[in-house]
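# Notes for the structure review
So the chains spell out like this:
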Amino acid sequence: MLDLVFIAFIAFVLMLGLRRPFLWVLLYVYIDILAPQRIGYSIITELQISLVAFAAAFGGWLLLDRKEGSSFTLRQFLMLALLVYCWWTLQSAEFPESAATKWDWVWKALLFAIFLPLTITTRARIEALALTLTLSIATIVIGTGLKIVLGGGGYGNLKFFVQDNSGIYESSTLATVAIALIPMAAWFTRYGTIFRPHWMVSTFVLGLVFASLLIPVGTEARTGLLCIAALGILLLRYTKKRLAFVAAAGALGLTALPFLPPSYYERMATITEPGGDESASTRLAVWSWTIDYASRNPTGGGFDSYRANSFTYVMPVKEESGNTVTVQYRDVVDEGRAFHSSIFEVLGEQGYPGLIMWLMLHGLGVIQMERIYRRWKGASGEDEAWISPMAAALQMASLIYLVGALFQGIAYQPVMLMIIGLQIGLNSYLKPFESERLAKNAKRRVQEGVSPSQHRAKRRHEVAKARSDPAPT
């Protein structure tokens, strides 16, 4: 029955796309994130629905969609260069079979992220893509949150819609993505046009935020806790009453403490004592090995090159005898352990050239969103007020992802590559308006007899005054 529901929904959207081809792009986003073919039991598992949706998305844009506003940007070129470079390293990969398995989904994720900005050329499409991303993740997050509330959970024990622990359904990955998309979900409570701001929208988003914050608790993912901390720090920038915000966050955290299981405390305690946890000790050893490996293979060893690692590290072992606790140190030999960090993942697989491209790709996104946020901050018109908050939400998504990526091998996570595509689309969409806006401002300054330096000084004074004025109660 579940298979038929999925198939009927997909077929319905495919038919709607005959009049609105962009719906096929959104359909692929939905399928790629939720993976209904992995959730179903019979018919749908045999169908190539992802391939059908991608072919429809690309073919619809190529044959039926208008190309107005489409452009190829520097960040798209970086993704294309990274895609080609990954293919090049694949040819000499140390482990060809496992490398080919990873390449099978990485090239699709990169190619779709390159293609995506070409399709989002209007505000409606930007919002529709953001909404599809948010709701697709929300489907998993809300279902997982309900399981946690009803007593499920535990590291490696919490099962989502599927029975494997990979992709977006991997616990630490889901925790990172869920926290990263909280600012975007909040954006819809004030600026949405598909679902207008309403108490029902606000209530749904509030429930989604609560469920998202539950994910790191239910999965006991340490990375999720770091992402929550990163979100709190980033939100301070946009909060007028910072002391009240910090106090409220602290009170909320203290209120939640009695409801957390002992296993959660034990696992979180290893953040401050990595040497006492086998998983954390392994990561440090793998990272050290990767640096040495990259010095010998500066262009990388291809996908899954971590399988070549072998190392020995010292692990403290506590032994209790009555009231006496003794600590002994023993050597642990390990091999073939995953990178557990996107930085070292790219460094080990694509070497220094790949790492430079990957860092530039994300760094430019943070800078672009900052520029858009500053340039459109304070815009009050309905057609402009949404821009700065959207840029801020996308920037926070990138920064939170990067925090999570420091401790997970999610360098090519499809959801975050779609976020990059959304950032590029927003930047490309705004370029004509920014040029027009700058021309109008320059013309007005000339009429008023104000030089550019005087205008900048006046603007700085206004911003400083606004910050020093007490916030309205």
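I will try to describe carefully the structure that is included in this document.

Cut-offs and rules
Residues numbered from 1 in each chain as written. Predicted model: local features only at pLDDT ≥ 70, side-chain atom pairs only at ≥ 80, totals over all residues. Heavy atoms only, no water. Helix = DSSP H or I, 4+ residues; strand = E, 2+ residues; numbered from the N terminus. Buried < 20%, exposed > 50% of the residue type's maximum accessible area, 1.4 Å probe, protein only. Areas by Shrake-Rupley, 256 points an atom, 1.4 Å probe, with all protein chains shown as cover. Salt bridge = Lys/Arg side-chain N within 4 Å of Asp/Glu carboxyl O. Polar contact = N/O pair within 3.5 Å; in protein donor to acceptor, adjacent residues only side chain to side chain. Contact = heavy atoms within 4.5 Å. Axes fitted to C-alpha atoms, helices over the stretch in contact; angles between N-to-C directions. Parallel < 35°, antiparallel > 145°, perpendicular 65-115°, else oblique. Left-handed = near helix turned anticlockwise from the far one by under 90°. Nonpolar A, V, L, I, M, F, W, Y, C, P; charged D, E, K, R; others polar. Phe/Tyr/Trp six-rings, centres within 6.5 Å; stacked < 30°, edge-to-face > 60°.

### Structural notes on the overall build of the protein chain
Within the protein chain, the secondary structure is distributed over 18 helices and 2 strands. Taken over 473 residues, the protein chain has a buried fraction of 47%. For the protein chain, the accessible surface area stands at approximately 24000 Å², while carbon and sulfur atoms represent 64% of it.

### Quick look at the pattern of salt bridges
A side chain with one charge can pair with a side chain of the opposite charge if their charged atoms come near. If you walk through the whole model with that rule in mind, you get 9 salt bridges. For E349, the salt bridge identified is with K102, shortest N-O distance 3.0 Å. Of this pair, E349 sits in helix 15 (residues 342-376) while K102 sits in helix 6 (residues 96-115), and the two are 247 residues apart along the sequence. Relative accessible area serves as the criterion here: at 1%, E349 is assigned to the buried category. For R296, the salt bridge identified is with D292, shortest N-O distance 3.3 Å. Pair noted here: R296 and D292 are both in helix 14 (residues 278-296), with a separation of 4 residues, about one helical turn. Taken together, the shared-partner salt bridges in this structure form one network comprising K102, E345 and E349.

### Quick word on the side chain of D65
Within the element layout of this structure, D65 appears in the loop between helix 4 (49-63) and helix 5 (74-90). Using a relative accessible area of 11% as the deciding quantity, one classes D65 as buried. Side chain to side chain, D65 and R125 meet in a polar contact 2.8 Å long. If near-sequence neighbours (up to four positions away) are discounted, D65 is found in contact with P21, G60 and R125.

### Here we look at helix 8 (residues 171-180)
Burial within helix 8 is extensive, with 10 of its 10 residues counted as buried. When helix 8 is considered as a whole, its buried residues turn out to be S171, S172, T173, L174, A175, T176, V177, A178, I179 and A180. With a side-chain oxygen lying 3.1 Å from the backbone nitrogen of S172, the N-terminal cap of helix 8 falls on E170.

### Structural notes on helix 9 (residues 182-191)
Since the α-helix turns once every 3.6 residues, residues separated by three or four places project in the same direction. The buried fraction of helix 9 amounts to 7 of the 10 residues, a majority that puts the element mostly inside the structure. Of all the residues in helix 9, the buried ones are I182, P183, M184, A185, W187, F188 and Y191.

### Points about unusual backbone geometry
Phi angles above zero are rare outside glycine, and A35 is one such case at about 55°. Among the structural elements, A35 can be located in the loop between helix 2 (22-34) and helix 3 (36-39). What makes A35 buried here is its relative accessible area of 4%. Unlike most non-glycine residues, H340 shows phi in positive territory, near 55°. For H340, the position within the fold is in the loop between strand 2 (324-335) and helix 15. Its relative accessible area of 24% is what places H340 among the partly exposed residues.

### Description of the packing of helix 8 against helix 11 (residues 222-235)
Across the interface, helix 8 lies against helix 11 with an axial gap of 8 Å and an inter-helix angle of 15°. As far as their axial angle goes, helix 11 and helix 8 are roughly parallel. Both helix 8 and helix 11 take part in a crossing whose hand is right-handed. Here A175, T176 and I179 of helix 8 come into contact with helix 11, specifically with T223, G224, C227, I228 and L231. For the contact of helix 8 with helix 11, the per-class residue count stands at 5 nonpolar, 3 polar and no charged.

### Description of the packing of aromatic side chains
Using the criterion set out here, one finds 21 aromatic pairs in the structure. Here the aromatic rings of F112 and F115 are separated by 6.1 Å at their centres, their planes lie at 55°, and the arrangement is tilted. Placement of the pair is F112 and F115 together in helix 6, with a separation of 3 residues, close to one helical turn. Of the two residues examined, F112 and F115, each falls in the buried class. Chaining the aromatic ring pairs together yields one cluster made of Y28, F54, F58, W61, F112 and F115.

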